[in-house]
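# Structural description and commentary
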Amino acid sequence: MNYVSSLKCVICEKEYGVDETLYVCPHHGDSGILDVRYNYEKVSEQISPQTLSQGGPHSMWRYIPLLPIDQSIATESQKDQQPNLPFFSVGWTPLYRPQTLEKQFGLAGVHVKDDGCNPSGSLKDRASALAILKAKELGFDVVGAASTGNAASSLATLSAGLGVKTIVFVPATAPQAKIAQLLVCGATVLTVNGGYDEACDLCLSACTAYGWYNRNTAYNPYMTEGKKTVAYEICEQLHWQVPERIFVSVGNGCIIGGLHKGFRDMLALGWIDRMPRLMGVQAGAAPLYHAWLHGIDPLDMTLMETKTIADSISAGFPRDRVKAMRAVVESSGAFISVTDEEILGAIPKLGSDLGVFAEPAGAAAYAGFAKVLSERMISSNETVVVLVTGTGLKDVASAIKSVGEPIPIEPTLDDVEKALRL
Ligand SMILES: *Cc1c(COP(=O)(O)O)cnc(C)c1O
Ligand SMILES: [Zn+2]
C-alpha cells in the first residue's frame, strides 16, 4: 500500500494508473518520462514536520509515506539503530555549516550536504534503493542499469544480501574504483566500448529483450522519487527554513529534477512556503546549460559529444532533460558551466576547508558556487546549500591530479627538515 495516485507524462500531461505502464508514457516512448503523483491529503495524515520531530529512522525511510513503495518497509527500517544491511541506512547524510566559509564569502549561511556519506559513496543510493524495492515488488529477479559508474555501484552495493541479481553496463573508461566496487559487490559488469550514451541505449534494449527490471535514470520514473528525499532532508536539517539557492551538479538531470520534486511535494503539503533557486552545474559540452542559455526546448536537444573529468555528469544527451529544465526554470534558478580546471580547483578547496573529499562531479557543485559568487550574483543575506553528490574515493586519480604528488623522503630527520624547510 502506498499513496501514489497516478503517473503523469511530462510531455502530454496524460495521467496513467501505476498498473498501466512500467516506465514511460506509451504515446511518447523513451522521452515520455513520467512524474509520480500522490494523494497529498492521505500523505499528510501520516507524516508532517511534527511527526518527524518525534523520531523515525535516520535514513531516507523516515519519509516513507512520500515514497512509491509498500509501507511495510517501515517495519524493517525501524531497526535503524542497527540496520541489518547497508540498504537500510541510505540517506540522512550530514549537512555541514562551515562558519569559516560564511565569513570568507560574507554570506548569511553556507551549508554543504555530503551525500558521499551514503553506503556506496554517492547520492545514487537514494534511487537504487527504490529500484530494488520496486523490482522485488514487481517480481523481477534481475535489475539492469546503465551507468557512468555510481548508479551501478550503488545498485550492486544495495542489492547485496537481498536476493536481486544486477547486470550493469558501464563505459570502459569508468574510474577503476567504481568498477572495483561493482565487482566486489557481486554485479555482472559489462564494460561497453563507448560512452555513457551508448551504454544507456544498450541497457534499454537488453532489459526489454531479456525481461530485466530497468533502473535507467529518468526512464524509470521512481528514480526521481528516491533522489527527492535529499530535498526533505535539507529542509528538515535546516529546521524547515528554505535556503535561497541549492547548487548541484547535473548530468542526466535526475538529481536536480528530484530536488525540484521534493520541494514541490513540501510546498503542496504546506511544509514550506517557497521554492529555493536550483542552480544546475554542468561540465564538458554542458548540453543543458547551452539549451537554457539559448532558450532551446529540451525536446529539441540532440546528442552532443562531451568530455569532462567529472565522469558522473558526462552525459551528452541528458535523459531527464525535461525535468531538469523545468527544475531550473520554475525555481528561477540557473544553469552554470564549469571547466575541468575549476573542478580540479574545487576538490582541494572542499577538502582543506571542510574535510569533505569529493569526486569531480561532487566538487563541480562547489566550483559552480564559487563561480557564481565571484560574479557577485549572490547577495549577502542569502543562505546557500552546496550538494556534494559523491565521495573522492571513487576517483583517486583525479584527486591526485588536483593536488600533485606528496614529498618523497629518506627515513631521516634530516630529510624531514629539508622537506619542511625547518
Ligand atoms: C549521477 C551523478 C550526478 C548527476 O546526476 P544526474 O541525475 O545524472 O544529473 C552528479 N554527481 C554524482 C557523483 C553522480 O553520481
Ligand atoms: Zn505522453
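Being a predicted model, the structure only gives us computed values, none of them experimental.

Counting its regular elements, the protein contains 17 helices and 13 strands. In terms of C-alpha radius of gyration, the protein reaches 21 Å, essentially the compact-globule figure of 22 Å for 422 residues. Its C-alpha atoms put the protein at 70 × 50 × 50 Å along the principal axes. Put simply, the protein has 422 residues, and 60% of those count as buried. Taking contacts inside the protein between residues at least 6 apart in sequence as the whole, the part at least 24 apart equals 71%. Counting only carbon and sulfur atoms, one obtains 52% of the accessible surface of the protein, whose full area is about 17,100 Å².

Ideal donor angles around a metal are set by the shape: a four-donor tetrahedron calls for 109.5 degrees, a six-donor octahedron for 90 or 180 degrees. For the zinc ion (ligand 2), the full set of protein donor atoms is Cys-9 (SG), Cys-12 (SG), Cys-25 (SG) and His-28 (ND1), at a range of 2.1 to 2.4 Å. In this structure, the zinc ion (ligand 2) is coordinated by four donor atoms arranged in tetrahedral fashion, with angles at the metal of 103 to 117°. In terms of primary sequence, the donors binding the zinc ion (ligand 2) are separated according to C-x2-C-x12-C-x2-H.

As a further point, take a nonpolar patch on the surface. Among the surface-exposed residues, Phe-357, Leu-393, Val-396, Ile-400 and Val-403 lie close enough to one another that they form a single nonpolar patch of about 440 Å² accessible area. You can see Val-403 is positioned in helix H16 (residues 396–403). A residue is classified by how much of its surface remains accessible, and Val-403, at 53% relative accessible area, is exposed.

Counting 87 residues, the largest nonpolar core has Trp-61, Phe-87, Leu-259, Phe-263 and Met-266 as its most contacted members. It is helix H5 (residues 125–138) that contributes the most residues to this core, seven residues altogether. Counting residues in hydrophobic clusters, the runner-up holds 34 residues, among them Ala-334, Leu-344, Ile-347 and Ala-367.

Before going further, it helps to spend a moment on the packing of aromatic side chains. The full count for this structure, using the stated rule, is 14 aromatic pairs. The interplanar angle of 35° and the centroid separation of 6.5 Å between the aromatic rings of Phe-169 and Trp-212 together place this pair among those described as tilted. Of this pair, Phe-169 sits in strand S7 (residues 165–171) while Trp-212 sits in the loop between helix H8 (196–210) and strand S9 (213–214), and the two are 43 residues apart along the sequence. Considered together, Phe-169 and Trp-212 belong to a single accessibility category, that of buried residues. For the ring pair Tyr-366 and Phe-369, a centre distance of 5.8 Å and an interplane angle of 65° mean the geometry is edge-to-face.

Moving on, we come to helix H14 (residues 340–354). For H14, spanning 15 residues, the distance from its first C-alpha to its last is 21 Å, which sits close to the expected 21 Å at 1.5 Å a residue. One or two positions beyond H14, positive phi appears at Gly-355, with a value near 75°.

Next up on the list: the environment of Gly-149. Within the secondary structure, Gly-149 is located in the loop between strand S6 (142–146) and helix H6 (150–159). Looking at Gly-149, the relative accessible area reads 1%, which means it is buried. When the C-alpha positions of Gly-149 and Ala-174 are compared, they lie 6.1 Å apart, and in sequence the two are 25 residues distant. Contact partners of Gly-149, with chain neighbours within four places excluded, come to Val-170 and Lys-178.

Here we take up helix H11 (residues 254–268). For H11, which comprises 15 residues, the first-to-last C-alpha distance of 21 Å matches the rise-based estimate of 21 Å (1.5 Å per residue) to within 8%. Along H11, the positions that sit buried rather than exposed are Cys-254, Ile-255, Ile-256, Gly-257, Gly-258, Leu-259, His-260, Lys-261, Gly-262, Phe-263, Asp-265 and Met-266. Of the residues trailing H11, Gly-270 is marked for its positive phi of about 75°.

Moving on: the pairing of S6. With five of its five residues buried, S6 lies for the most part within the structure. Here S6 shows two buried faces, one formed by Val-142, Gly-144 and Ala-146 and the other by Val-143 and Ala-145. As paired elements, S6 and S7 share five bridges and run parallel to each other. In the sheet register, Val-142 faces S7, and the bridge partner there is Lys-165. What joins S6 to S7 is H6, and the crossover it makes is right-handed. Strand direction decides the pairing type here: S6 and S9, joined by two bridges, are parallel. If you follow Gly-144 over to S9, its bridge partner there is Asn-214.

This next bit is on the side chain of Thr-157. The topology assignment puts Thr-157 in helix H6. For Thr-157, the contacting residues outside a window of four places in its chain are Ser-120, Gln-181 and Cys-185.

All right, on to the sheet that holds strand S2 (residues 15–16) then. With antiparallel pairing, the three strands of this open sheet are ordered in space as S2-S1-S3. A strand with exactly one partner marks an edge of an open sheet, and here the two such strands are S2 and strand S3 (34–38).

Another aspect to go through is unusual backbone geometry. Excluding glycine, a negative phi dihedral is what most residues carry, and trans is how most peptide bonds are arranged. Positioned with a positive phi, Glu-13 is a non-glycine residue whose angle comes to about 65°. Assignment of secondary structure puts Glu-13 in the loop between strand S1 (4–9) and S2. Its relative accessible area of 51% is what places Glu-13 among the exposed residues. One non-glycine residue with positive phi stands out, namely Trp-92, at about 50°. Along the chain, the position of Trp-92 falls in the loop between helix H3 (73–77) and strand S4 (95–96).

Reading the values: rules and limits
- Residues numbered from 1 in each chain as written.
- Chains lettered and ligands numbered in written order.
- Predicted model: local features only at pLDDT ≥ 70, side-chain atom pairs only at ≥ 80, totals over all residues.
- Heavy atoms only, no water.
- Helix = DSSP H or I, 4+ residues; strand = E, 2+ residues; numbered from the N terminus.
- Rg over C-alpha atoms; globule rule 2.2 N^0.38 Å.
- Buried < 20%, exposed > 50% of the residue type's maximum accessible area, 1.4 Å probe, protein only.
- Contact = heavy atoms within 4.5 Å.
- Areas by Shrake-Rupley, 256 points an atom, 1.4 Å probe, with all protein chains shown as cover.
- Donors = N, O, S within 2.8 Å, 3.2 Å for Na, K, Ca; no water.
- Tetrahedral: all angles 85-135°; square planar, octahedral: opposite > 155°, others 65-115°.
- Patch = residues over 30% accessible without salt bridge, like charges linked within 9 Å, V, L, I, M, F, W, Y side chains within 5 Å.
- Salt bridge = Lys/Arg side-chain N within 4 Å of Asp/Glu carboxyl O.
- Core = buried A, V, L, I, M, F, W, Y, C linked by side-chain atoms within 4.5 Å.
- Phe/Tyr/Trp six-rings, centres within 6.5 Å; stacked < 30°, edge-to-face > 60°.
- Expected span 1.5 Å × (residues − 1).
- Pairing = 2+ DSSP bridges.
- Right-handed = clockwise from strand over helix to strand, strands pointing away.

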